[in-house]
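Residue-level structural notes
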Amino acid sequence: MEAKLLSPPPPLTQPSLSSSAAVATRRIVSPLNNSFLSFPKLNTSTALCRASTMNTGAGGGAAGGRIEGKEAKLWGGRFEESVTDVVERFTESISFDKALYKQDIMGSRAHASMLAHQGLMSTSDQDSILQGLDEIERRIEAGEFTWRTDREDVHMNIEAALTDLIGEPAKKLHTARSRNDQVLTDFRLWCRDAIDEIHSLIKHLQVALVTLALKNEGIIVPGYTHLQRAQPLLLPHLLLAYVEQLERDAGRLMDCRARLNFSPLGACALAGTGLPIDRFMTSDALGFTAPLRNSIDAVSDRDFVLEFLSANSITAIHLSRLGEEWVLWASEEFGFLVPSDSVSTGSSIMPQKKNPDPMELVRGKSARVVGDLVTLLVLCKGLPQAYNRDLQARSFLMYLKEDKEPAFDSVKTIIGMLEVCAEFAQNVTFNQERIQKALPAGYLDATTLADYLVKKGVPFRTSHDIVGRSVALCVSKNCQLQDLKLDDLKSISPVFDDDVYEYLGVENAIDKFSSYGSTGSNCVASQLDYWVARLQIDRAGSSR
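Residues numbered from 1 in each chain as written. Predicted model: local features only at pLDDT ≥ 70, side-chain atom pairs only at ≥ 80, totals over all residues. Heavy atoms only, no water.

Section: the overall build of the protein
Looking only at helices and strands, one finds 20 helices and eight strands in the protein. Out of the 544 residues belonging to the protein, those deemed buried represent 51%. Looking at the protein alone, contacts between residues at least 24 apart form 74% of all its contacts between residues at least 6 apart. Counting every atom, the protein has about 25,500 Å² of accessible surface; 52% of that belongs to carbon and sulfur. (Helix = DSSP H or I, 4+ residues; strand = E, 2+ residues; numbered from the N terminus. Buried < 20%, exposed > 50% of the residue type's maximum accessible area, 1.4 Å probe, protein only. Contact = heavy atoms within 4.5 Å. Areas by Shrake-Rupley, 256 points an atom, 1.4 Å probe, with all protein chains shown as cover.)

Digging into helix H4 (residues 101–117)
Taking 1.5 Å as the rise per residue, H4 with 17 residues should run 24 Å; its terminal C-alpha atoms sit 24 Å apart, in good agreement. Counting buried positions along H4 gives 16 out of 17 residues, so the element sits mostly inside the fold. Looking at the residues trailing H4, positive phi occurs at glycine 119, about 80 degrees. (Expected span 1.5 Å × (residues − 1).)

Overview of the pattern of salt bridges
Evaluation of the coordinates by the stated rule reveals 24 salt bridges. Between glutamate 247 and lysine 203 there is a salt bridge, and its shortest N-O distance comes to 2.8 Å. With a gap of 44 residues between them, glutamate 247 in helix H8 (residues 235–260) and lysine 203 in helix H7 (residues 179–215) connect regions that are remote in the sequence. Residue glutamate 247 is classed as buried on the basis of its relative accessible area of 17%. Since its relative accessible area comes to 22%, lysine 203 is described here as partly exposed. Close ionic contact of glutamate 307 with arginine 259 constitutes a salt bridge, the shortest N to O distance being 2.5 Å. Of this pair, glutamate 307 sits in helix H11 (residues 303–329) while arginine 259 sits in helix H8, placing them 48 residues apart in sequence. Linked by salt bridges that have partners in common, Lys102, Arg109, Asp134, Glu137 and Glu141 make up one network. (Salt bridge = Lys/Arg side-chain N within 4 Å of Asp/Glu carboxyl O.)

Concerning the layout of surface pockets
Here the second largest pocket is characterised by a volume of approximately 480 Å³. The wall of the second largest pocket is formed by 21 residues, among which Tyr224, Leu238, Tyr242, Arg321 and Glu325 lie closest to the centre. The set of elements that each furnish at least two residues to the lining of the second largest pocket consists of strand S3 (220–225), strand S4 (228–234), H8 and H11. Of the residues forming the lining of the second largest pocket, the biggest block, five residues, is contributed by H11. A per-class count over the lining of the second largest pocket returns 13 nonpolar, five polar and three charged. (1 Å grid on protein atoms, 1.4 Å probe; cavity = no way out; pocket = protein on both sides within 12 Å on 5 of 7 lines; lining within 4 Å. Points joined across faces, edges and corners; volume = space filled by probe spheres on them. Nonpolar A, V, L, I, M, F, W, Y, C, P; charged D, E, K, R; others polar.)

So, empty space enclosed by the protein
Throughout the structure, instances matching the rule amount to two cavities of 30 Å³ or more. Its volume calculated, the second largest cavity comes out at about 40 Å³. If you trace the second largest cavity, you find it lined by Asp104, Ser108, Leu133, His155, Ile158, Glu159, Leu173, Arg177 and Gln182. Examining the composition of the lining of the second largest cavity, we find that three residues originate from one element, helix H6 (residues 154–166), more than from any other.

Some points on the packing of H7 against helix H20 (residues 521–534)
Two elements in contact, H7 and H20, have axes whose closest approach is 10 Å; the angle formed by their N-to-C orientations is 140 degrees. Here H7 is positioned oblique relative to H20, judged by the angle of their axes. In this structure, H7 crosses over H20, and the sense of that crossing is left-handed. Each of Gln206, Val210, Ala213 and Leu214 in H7 lies in contact with H20, whose residues at this interface are Leu528, Trp531 and Val532. Its residues assigned to classes, the contact of H7 with H20 shows six nonpolar, one polar and no charged. (Axes fitted to C-alpha atoms, helices over the stretch in contact; angles between N-to-C directions. Parallel < 35°, antiparallel > 145°, perpendicular 65-115°, else oblique. Left-handed = near helix turned anticlockwise from the far one by under 90°.)

Observations regarding the packing of aromatic side chains
Taken as a whole and assessed by the stated rule, the structure comprises 11 aromatic pairs. Their ring planes at 70 degrees and their centres at 5.7 Å tell us that phenylalanine 187 and phenylalanine 304 sit as a pair that is edge-to-face. Taken together, the positions of phenylalanine 187 in helix H7 and phenylalanine 304 in helix H11 put the pair 117 residues apart, joining distant regions of the chain. Overall, phenylalanine 304 belongs to the buried group, its relative accessible area being 3%. With 6.2 Å between their ring centres and 85 degrees between their planes, tryptophan 329 and phenylalanine 430 make a pair best called edge-to-face. Here phenylalanine 430 lies in strand S8 (residues 428–430) and tryptophan 329 lies in helix H11, a separation of 101 residues in the sequence. In this pair, the class of tryptophan 329 matches that of phenylalanine 430, namely buried. Every member of this aromatic cluster is reached through a ring pair, and the members are Tyr224, Trp329, Phe334, Phe336 and Phe430. (Phe/Tyr/Trp six-rings, centres within 6.5 Å; stacked < 30°, edge-to-face > 60°.)

A closer look at unusual backbone geometry
The phi dihedral of cysteine 268 falls on the positive side, at around 60 degrees, and the residue is not glycine. Note that cysteine 268 resides in the loop between strand S5 (262–263) and helix H9 (279–285). Phi is positive for tyrosine 443, close to 55 degrees, though the residue is something other than glycine. Turning to its location among the elements, tyrosine 443 is positioned in the loop between helix H15 (432–438) and helix H16 (446–455).

What follows is the structure, encoded as structure tokens:
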């Protein structure tokens, strides 16, 4: 294939910054962006481009110039041979870590401003670097940037492009910085943005579930244990159980965010630097809480991503359980839930089928999120302290390698699961007639009958036995507890009286629940009020 040449960079215009001092102290706020969902495509067919025209060293060696016709690596000073094409393909990471471009440019802006503030580069060089980074970011987002595998990763691609663009000042950017602390800074910023996005989507799903609960106040459904009929429940109570789980998911993410929000920038390779840098300045500029205290820990820690993937995994399990329940409820055997056509699919051979596919996929995709966590746990288990290339191989397992391959990562998968669950919740109804017909079966009021006897002074274990014999009598008569005559009940226990019928039937049973957090009407109304206020939902179901 014909080699693709990089077009010469356009001439730089004068910096539009108000003052160098202002740049040096400006706070760079991490934008919430979707770079972890989509990113520029890599042109993997691009041939080796023109070699850099950097000057050779004093000894006339290869450093900074050409090695066998290839562009010299930025780290190539002590090497006399270039890596083979096989090694280059095996070690490159640009095919997936280019998703970090925005975070990488943010970190470089903060680092350049700090270097200038500390007198390690001139304000003129700083301004050239900042303007050059702005231009590179513009080109990337406009699809005009050529990603090169011979430049290995996102960091080297951007730094080399900056050198092509502005020349000598770009060579000062890596002062007091290693790719080790650079990649960890990028990755923490990326995870922080991803957490914010996932947290927002969890709240969106909570709103959808509470809104669904508000639309179905008063509906009683069978509650199940062991997938067997157990006790009656108010449908809103059941829906709010998932809202509670999601609230814990959101809390775990915020806890994780607080722990990861410390800056490794300036830790360099592992030992720090003897140059007079200000790690607190870059930490503050990037919105971190503080710099990490230990430079070795700063470049070797992966706890933050393990914790992040663990939080995602727990969320995925909750969503999978919701998916399982709704898939069951949508089946003909249950018939409690009716998804709209807009969130259903059909069969290629059976014309009558209407499948709740989105929730089946939610159930299935949870396995990938859990698998991502296990992969990283196994990867980290045998690594010695400080940075290791093993981490380069899979620490970015959150990214798609190619746009067209559905190799979903943890973040992309959990975002998709949350989005489709909310969409599904907004497009389902409950078949009240079918639910009502299902309620009599299963003796759902049996435990309430036992409570009746306890209130009459009968020990619970004795009450349990009495109600068990009452159910056995119903089975022999093929009737429900509320259908038994008082004489039938008295034949089992003389404690039964006329007021027993105030406890029988699912409606009466619901009314008798009164403990905090229970499925009683007043309790569920209180729970709904709490979530309506917390999530700022109006009673019409629209978020304010």
